[in-house]
Amino acid sequence: MKNFTAIDFETAQGFRHTICQVGLVRVENGVVTNEVNLLVQPPDNYYWPRFTEIHGITPIMTRNSATFNQIWHQIEPFIKGQTVVAHNGLSFDFPVLQKTLEYYGMTAPAYDKHCTYRIFKQNLASLCGQYNISLNHHDALSDAKACAELFLIHLRNGNQN
């Protein structure tokens, strides 16, 4: 269980298929071995202003970015057949991945899902304060790094799921 991928998505709108940023952290034998941070052009490069206020990503920033179907091959190996962890993943990140893949007519791979929100029962910012974890909240890579650290804490405390 010391091998897993922590993932976080930011979306451009309230629709689940509008990924605009992917943050991914690969942990092997309890050590971070890879990080991926990608801006993604959402459908029609359209953003709801409220979402830009939350994460700071704008259409100008993603106008030359690849769409999700063009970058999926880069992140699929970190997800397919892996243990994947996300904070609030069962309610947000995992459905976002599913809906985005469906939007592009792609099949979602099988993977084991774990949610650090369900494990710790607190929001990410509070947990990062409590455990002294650096966080630039709503930056997908920063959120994924924080989630990875929280899951490692969970594992170090003798929990295996």
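What counts, and at which threshold
- Residues numbered from 1 in each chain as written.
- Predicted model: local features only at pLDDT ≥ 70, side-chain atom pairs only at ≥ 80, totals over all residues.
- Heavy atoms only, no water.
- Salt bridge = Lys/Arg side-chain N within 4 Å of Asp/Glu carboxyl O.
- Helix = DSSP H or I, 4+ residues; strand = E, 2+ residues; numbered from the N terminus.
- Pairing = 2+ DSSP bridges.
- Axes fitted to C-alpha atoms, helices over the stretch in contact; angles between N-to-C directions.
- Contact = heavy atoms within 4.5 Å.
- Expected span 1.5 Å × (residues − 1).
- Buried < 20%, exposed > 50% of the residue type's maximum accessible area, 1.4 Å probe, protein only.
- Core = buried A, V, L, I, M, F, W, Y, C linked by side-chain atoms within 4.5 Å.
- Phe/Tyr/Trp six-rings, centres within 6.5 Å; stacked < 30°, edge-to-face > 60°.

For the chain, the name recorded in an unreviewed UniProt entry is 3'-5' exonuclease, with Chryseobacterium turcicum as its organism.

In this section: the pattern of salt bridges. Following the criterion strictly, the structure yields four salt bridges and no others. Among the ionic pairs, Glu28 bridges to Arg26, the shortest N-O distance being 3.4 Å. Salt-bridge contacts for Lys145 lead to Glu35; the nearest nitrogen and oxygen are separated by 3.6 Å. Separated by 110 residues along the polypeptide, Lys145 in helix α7 (residues 140-156) and Glu35 in strand β3 (residues 31-39) bring together distant segments of the chain.

As a further point, take the sheet that holds strand β1 (residues 4-11). If you walk across this open sheet you meet the five strands as β3-β2-β1-β4-β5, and the pairing is mixed. Edge strands, defined here as strands with exactly one partner in the open sheet, are β3 and β5 (112-115). Across the sheet, the mean angle separating the axes of adjacent strands is 25° when strand polarity is ignored. Sheet topology note: the strand β2 (residues 19-28)/β3 ladder contains eight bridges and is antiparallel. When the bridges of β3 are listed, Gly23 appears paired with Asn37. The strands that helix α3 (residues 68-79) touches are β1, β2, β3 and β4 (83-86); relative to β2, the one it contacts most, it runs at about 20°.

So, about α7. Along its 17 residues, α7 runs 24 Å from first to last C-alpha, staying within 8% of the 24 Å computed at 1.5 Å per residue. Of all the 17 residues making up α7, 14 are buried; the element is thus mostly covered by neighbouring parts of the structure. One or two steps after α7, the chain reaches Gly158, where phi turns positive at roughly 90°.

On to the nonpolar core, then. Within the largest apolar cluster, 21 residues are counted, with the highest numbers of intra-cluster contacts made by Phe9, Val22, Phe68, Ile75 and Leu97. Within the residue set of this core, elements represented by two or more residues are β1, β2, β3, α3, β4 and α4 (93-103). Ranked by residue count, the leading element in this core is α3, at six residues. Setting aside residues no more than four positions away along its own chain, Val22 makes contact with Asp8, Phe9, Val36, Asn37, Leu38, Val40, Phe68, Ile71, Ile75 and Ala140. Counting residues in hydrophobic clusters, the runner-up holds twelve residues, among them Phe4, Ala6, Leu141 and Ala148.

Now for the packing of aromatic side chains. Aromatic ring pairs are described here by two measures, namely the spacing of the ring centres and the angle between the planes. Summed over all chains, the structure comprises seven aromatic pairs. Each ring, one from Phe4 and one from Phe151, has its centre 4.9 Å from the other, and the planes form 80°; the classification is edge-to-face. Here Phe4 is found in strand β1, whereas its partner Phe151 is found in helix α7, with 147 residues between them in sequence. Side by side, Phe4 and Phe151 carry an identical accessibility label, which is buried. For the ring pair Phe120 and Tyr131, a centre distance of 5.8 Å and an interplane angle of 70° mean the geometry is edge-to-face. Of this pair, Phe120 sits in helix α5 (residues 116-120) while Tyr131 sits in helix α6 (residues 124-131), placing them eleven residues apart in sequence. Judged by its relative accessible area of 16%, Phe120 is buried. By relative accessible area, which is 32% here, Tyr131 ends up partly exposed. Taken together, the aromatic side chains of Phe15, Trp48 and Phe51 make up a single cluster linked through ring pairs.

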